[in-house]
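Topology and contacts: notes
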Amino acid sequence: MITPVLLCGGSGTRLWPLSRKSYPKQFSKLTGEESLFQASALRLTGAGFAPPVVVTGADFRFIVTEQLAQVELAPAAILIEPAPRNTAPAILAAALSVQARDPEALLLIAPSDHVIPDAERFCDAVRAAEESARGGQLVTFGICPDRAETGYGWLELTTPPDAEFAAIAQPLARFVEKPDLATAQAMLEDGLHLWNAGIFLVSVDALIAAFETYQPEMLAQTRRAVAAAECDLGFTRLDPEAWAPLESISIDYAVMEKAPNLSVMPYGGTWSDLGGWEAVWRDSGPDAQGVVTSGPATALECSNSLLRAEDGQQQLVGIGLSDIIAIAMPDAVLVAHKDRAQDVKQAVEILKSQGVEQAETLPRDYRPWGWFESLAVGSRFQVKRIHVKPGGALSLQSHHHRSEHWIVVEGTAKVTIDGVERLVSEDQSVYIPIGSVHRMVNPGKLPMVLIEVQTGPYLGEDDIIRYEDIYARGQGAKG
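Here the structure is a predicted model, which is why all the values come from computation and not from measurement.

Examining the domain arrangement of the chain
What the domain assignment lists for the chain is domain 1 (2-267), domain 2 (283-341) and domain 3 (364-468). For domain 1 and domain 2, the distance between their C-alpha centres works out to 31 Å. With eight residues of domain 1 in contact, the opposing surface of domain 2 contributes ten residues. For the pair domain 1 and domain 2, the two sides together bury roughly 710 Å², of which 59% comes from carbon and sulfur. On the surface where domain 1 and domain 2 come into contact, there are one salt bridge. With a shortest N-O distance of 2.8 Å, Arg-20 and Asp-331 are connected by a salt bridge. Across the domain 1-domain 2 interface, the total number found is three residue pairs in polar contact (both at pLDDT 80 or more). Taken together, the residues of the side of domain 1 that touches domain 2 sort by class into four nonpolar, one polar and three charged.

Thoughts on the UniProt feature "domain: Mannose-6-phosphate isomerase type II C-terminal" (unreviewed entry) in the chain
The UniProt entry lists residues 360-469 under the feature "domain: Mannose-6-phosphate isomerase type II C-terminal" (unreviewed entry), expressed in the numbering used here. Taken end to end, residues 360-469 is 0% helix and 57% strand, and its two terminal C-alpha atoms sit 26 Å from one another.

Observations concerning the packing of aromatic side chains
Counted according to the given criterion, the structure contains twelve aromatic pairs. Ring plane angle 75 degrees and centroid distance 5.5 Å describe the contact between Phe-62 and Tyr-471, whose orientation is recorded as edge-to-face. Separated by 409 residues along the polypeptide, Phe-62 in helix α2 (residues 61-70) and Tyr-471 in the segment after β28 (465-468) bring together distant segments of the chain. Members of the aromatic cluster, joined through ring pairs, are Tyr-23, Phe-27, Phe-37, Phe-60 and Tyr-366. In this structure, Arg-121 is placed above the aromatic ring of Tyr-267, and the distance from its NZ or CZ to the ring centre is 5.8 Å. The cationic tip of Lys-384 hangs over the ring face of Phe-372; the distance from NZ or CZ to the ring centre is 4.0 Å.

Digging into the pattern of salt bridges
Taken as a whole and judged by the stated rule, the model has 23 salt bridges. Of the charged contacts in the structure, one is a salt bridge between Asp-146 and Arg-147, with a shortest N-O distance of 2.9 Å. Of the residues examined, Asp-146 reaches a relative accessible area of 59% and is grouped as exposed. One salt bridge in this structure joins Arg-367 and Asp-365, with 3.2 Å as the shortest N-O distance. By relative accessible area, Asp-365 is classed as buried at 14%. Linked by salt bridges that have partners in common, Asp-365, Arg-367, Lys-384 and Glu-461 make up one network.

Brief notes about the packing of helix α1 (residues 36-43) against α2
Where α1 meets α2, the axes come as close as 10 Å, and the angle between the chain directions of the two elements is 55 degrees. Judged by the inter-axis angle, α1 sits oblique to α2. You can see that α1 and α2 cross each other, and the crossing is right-handed. Where α1 approaches α2, its residues Phe-37, Gln-38 and Ala-41 are matched on the opposing element by Val-64, Gln-67, Leu-68 and Gln-70.

A few points about the sheet that holds strand β20 (residues 381-388)
By way of backbone hydrogen bonds, the strands of a sheet pair with one another, either parallel or antiparallel. Within the open sheet, the six strands sit side by side as β18-β19-β20-β27-β22-β25. Their pairing is antiparallel. With partners counted over all chains shown, the strands left at the sheet margins are β18 (364-367) and β25 (429-432), one partner each. Strand-to-strand twist in this sheet, taken as the mean axis angle between neighbours without regard to direction, amounts to 20 degrees.

Focus: α2
Burial in α2 covers these residues: Arg-61, Phe-62, Ile-63, Val-64, Gln-67 and Leu-68. One or two positions beyond α2, positive phi appears at Glu-72, with a value near 60 degrees.

Topic: the side chain of Thr-56
Examined against the element boundaries, Thr-56 turns out to sit in strand β2 (residues 53-57). Relative accessible area serves as the criterion here: at 0%, Thr-56 is assigned to the buried category. Those residues within four positions of Thr-56 in sequence are excluded, and the remaining contacts are Cys-8, Arg-61, Val-64, Ile-78, Leu-79, Ile-80 and Glu-81.

Notes on the nonpolar core
Residues Leu-108, Phe-122, Phe-141, Ile-199, Leu-201 and Trp-277 are the most contacted members of the largest nonpolar core, which totals 87 residues. Of the residues forming this core, the biggest block, six residues, is contributed by helix α4 (residues 119-134).

Details of the pairing of strand β1 (residues 2-8)
With respect to burial, β1 is a largely interior element, seven of its seven residues being buried. Relative to strand β4 (residues 106-111), β1 is paired through six bridges, and the arrangement is parallel. Directly across from Leu-7, in β4, lies its bridge partner Pro-111. Both β1 and β2 contribute to a ladder of four bridges, which runs parallel. Counted as the bridge partner of Cys-8 is Thr-56 from β2. Crossover β1 to β2 through α1 is right-handed.

What counts, and at which threshold
- Residues numbered from 1 in each chain as written.
- Predicted model: local features only at pLDDT ≥ 70, side-chain atom pairs only at ≥ 80, totals over all residues.
- Heavy atoms only, no water.
- Domains from an automatic or database assignment.
- Contact = heavy atoms within 4.5 Å.
- Buried area = accessible area lost by both parts, 1.4 Å probe.
- Salt bridge = Lys/Arg side-chain N within 4 Å of Asp/Glu carboxyl O.
- Polar contact = N/O pair within 3.5 Å; in protein donor to acceptor, adjacent residues only side chain to side chain.
- Nonpolar A, V, L, I, M, F, W, Y, C, P; charged D, E, K, R; others polar.
- UniProt positions renumbered as here; feature names shortened; annotations may be inferred.
- Helix = DSSP H or I, 4+ residues; strand = E, 2+ residues; numbered from the N terminus.
- Phe/Tyr/Trp six-rings, centres within 6.5 Å; stacked < 30°, edge-to-face > 60°.
- Lys NZ or Arg CZ within 6 Å of the ring centre and 35° of its normal.
- Buried < 20%, exposed > 50% of the residue type's maximum accessible area, 1.4 Å probe, protein only.
- Axes fitted to C-alpha atoms, helices over the stretch in contact; angles between N-to-C directions.
- Parallel < 35°, antiparallel > 145°, perpendicular 65-115°, else oblique.
- Left-handed = near helix turned anticlockwise from the far one by under 90°.
- Pairing = 2+ DSSP bridges.
- Core = buried A, V, L, I, M, F, W, Y, C linked by side-chain atoms within 4.5 Å.
- Right-handed = clockwise from strand over helix to strand, strands pointing away.

Structural data, given as structure tokens:
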């Protein structure tokens, strides 16, 4: 069996303002009915595949479980990184975790934000690489290039693939860093280079042996983090103290570029890492004028442009645009020339340096019980819409600085205030004074929606004292 390892901790800043640190691109429905994460998990299911191991951060753990449940998938494990450390420590932790229960396992290591429309063809390539991986090769997947792309790393082959791009593994000559345009054009034309997809098929033993040779300190430290991990509501929390000293480094730099037992499996099907808005435009199927619209967006006499609006109450209209990316969110708008789409990351860094909240945080805040969003904010008040899924329960909590007034607008809430429990139905309200210990539960089978009016001198999300919480979040804004 092949165990998929899905890496699910990136922030995806090149797709700002849709993708942000609080809710990165892998959880969004960018090109289909499923999120990129869901599509990645579904792609690696069926005959020959074991349940996946997911590596993610604490803030995303409930999003991961909810999205997997929506597509009826149960993971083998969800590993929680105490802090981001790039792909090498994350992959190594997953390998050590799998090795403990299956020392002969094969791992298919994949990012969770790629688009591979032909899942069957890709899985055929994976199966074709299985013999090489079981023989101790570290197999990486190379994509047939269709343009001189400077945003990807490349792989140099020893011999050109055949005309049909058959799935036949061969020794890898070398990794090539992201090139300039002239170098990329030369590699495109010589037929000996493929794009580096960052996808690997390896045996647990071969991968750990590579770390033992090239990253022994990382291996020892990660072993400690895995050995001291704690189970928490079905998650495996890697030990923070052992994890903290680990170097932040990619798997390529840590071991792959140094190992002699590297093979590459050519893949001739469609693939994209959706690394920027230009890639989203390309993979969304532009019309005859090269235009893609999404959501409430209208294009008049435009060409080679992407217009995307994310809120049903917006209307985005483009007139006479050419080679433009326009993305409208409720709290932020991006307008850029298509050739400058990769510079979005730089813009996000500038916004962060200015302390702009929109740089990293969406107006909708996702929690394990549902989500909330701010509708209006003043110096001493805030109005929120709160959406609680069936069975969802906010923690038993209190606040030092604010009172709250809840008005139920859909469904029924079971509310507890200072030990007194009551049902609050649609068009009813309840008041929670400052300091009162309170909780809200949705006891119904449909989502419950309420409007919350907060008043007080401080309205920050960190003004929460939790006494009980079915999600074991601890203290703090999200716990």
